[in-house]
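# Observations on the model geometry
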Amino acid sequence: MDCKEYTDASICFEKAKAYKHLIIAYAKQGCYSKALDLADEKGFYELGAKIASNIQDFRQSAYFYSFFKPSHAAKLYRDLGCYYEAGYCYLTLYDALNAIDMFRRCTHKAKRTRGLKEVSDYALVLYFKKDYWTAFRIFIALDDFYSALECAYKLKETQLIDSCKFLIGYEEAVKQHYQFAAECLEPLAPEKALCFYAKAGDYESQVRLLLETGNYQRAIQVCFLHNNLNKAYEIASIYNPELLSS
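Residues numbered from 1 in each chain as written. Predicted model: local features only at pLDDT ≥ 70, side-chain atom pairs only at ≥ 80, totals over all residues. Heavy atoms only, no water.

## Thoughts on unusual backbone geometry
Most peptide bonds adopt trans geometry, and most residues besides glycine take a negative phi value. Positive phi outside glycine occurs at tyrosine 94, with the angle close to 60°. Looking at the secondary structure, you find tyrosine 94 in the loop between α7 (83–92) and α8 (96–104). Assessed through its relative accessible area of 62%, tyrosine 94 is described here as exposed. Even without glycine at this site, lysine 156 takes up a positive phi of about 60°. (Helix = DSSP H or I, 4+ residues; strand = E, 2+ residues; numbered from the N terminus. Buried < 20%, exposed > 50% of the residue type's maximum accessible area, 1.4 Å probe, protein only.)

## Structural notes on the packing of aromatic side chains
The geometry of an aromatic ring pair is captured by two quantities: the separation of the ring centres and the angle between the planes. Evaluation of the coordinates by the stated rule reveals 15 aromatic pairs. With a centroid separation of 5.1 Å and an interplanar angle of 40°, the aromatic rings of tyrosine 65 and phenylalanine 68 are classed as tilted. Of this pair, tyrosine 65 and phenylalanine 68 both sit in helix α5 (residues 58–68), separated by 3 residues, roughly a single helical turn. Residue tyrosine 65 is classed as buried on the basis of its relative accessible area of 19%. A relative accessible area of 33% places phenylalanine 68 in the partly exposed class. An angle of 15° between the planes, with centres 5.7 Å apart, marks the rings of tryptophan 133 and phenylalanine 136 as stacked. (Phe/Tyr/Trp six-rings, centres within 6.5 Å; stacked < 30°, edge-to-face > 60°.)

## Observations regarding the side chain of glutamate 172
Of note, glutamate 172 is situated in helix α12 (residues 158–174). One buried charged residue, glutamate 172, forms no salt bridge at all, with the nearest opposite charge on lysine 175 at 4.1 Å. Side-chain polar atoms of glutamate 172 contact the side chain of tyrosine 146, separated by 2.6 Å. Separated by 2.7 Å, the side chains of glutamate 172 and histidine 177 make a polar contact. Setting aside anything within four residues of it in sequence, one finds glutamate 172 in contact with Tyr146, His177, Phe180 and Ala181. (Lys, Arg positive; Asp, Glu negative; His and termini not counted. Salt bridge = Lys/Arg side-chain N within 4 Å of Asp/Glu carboxyl O. Polar contact = N/O pair within 3.5 Å; in protein donor to acceptor, adjacent residues only side chain to side chain. Contact = heavy atoms within 4.5 Å.)

## Brief notes about α7
Residues Tyr84, Ala86, Gly87, Cys89, Tyr90 and Leu91 constitute the buried set of α7. Buried residues belonging to α7 abut α5, α6 (70–80), α8 and α9 (109–128). Positive phi appears at tyrosine 94, one or two residues downstream of α7, with a value of about 60°.

## Remarks on the confidence of the model for the protein
On average, residues of the protein score 93 in pLDDT, and 98% of them reach the 70 mark or higher. The element-level mean pLDDT for the protein is lowest in helix α17 (residues 229–239), coming to 83, with α8 highest at 98. (pLDDT = per-residue confidence, 0-100.)

Written out as structure tokens, the structure is:
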């Protein structure tokens, strides 16, 4: 090796099973693929990262760094646009939020789904370990508001519970599940709930909610709109007979 007889040195190192020196000898000969394959096979990850970096094979370099310095590997993968691999590196660092960001950038749908499922499973483990706050943050980032609501119940945080119900309501509305959306939002955003009850065709719940919020005139208008004159007169006679004239 010192005499730069790398071919002969390789033969000797191979027979001696001196794999670290054999990797170096391969690299000196320019046999980089053989050097990197052997580094991977024998677990010389730092040496593999160094050789890959020297030949500017940054993807291979990131691969080797993932074994002993995943934070650096994640940055390399991210800069290369290898978001799936970057996501897994962040996940090994228990950095679920950055992992989610990386997985969501994946253009390959199956990889994106698989990566996000891994994060969800990690959050579930945290939930069973009673780390409800961390699990809550991850579920919110995943837009899994039902699971986040379970965490909020465990935390006994009223504000978080209400926030989750609010998000669930809007999510269900996007899916055109207007009845359930209205039921979720009724205690938190009654005006929105009224809108969704209307879209669901549940005018009786509209009327009930309007009465509960003291909006008698609108309740009567809804009854008239749906040709329920008996209900309109009943409301007026109970709450304010003058409303009939309007």
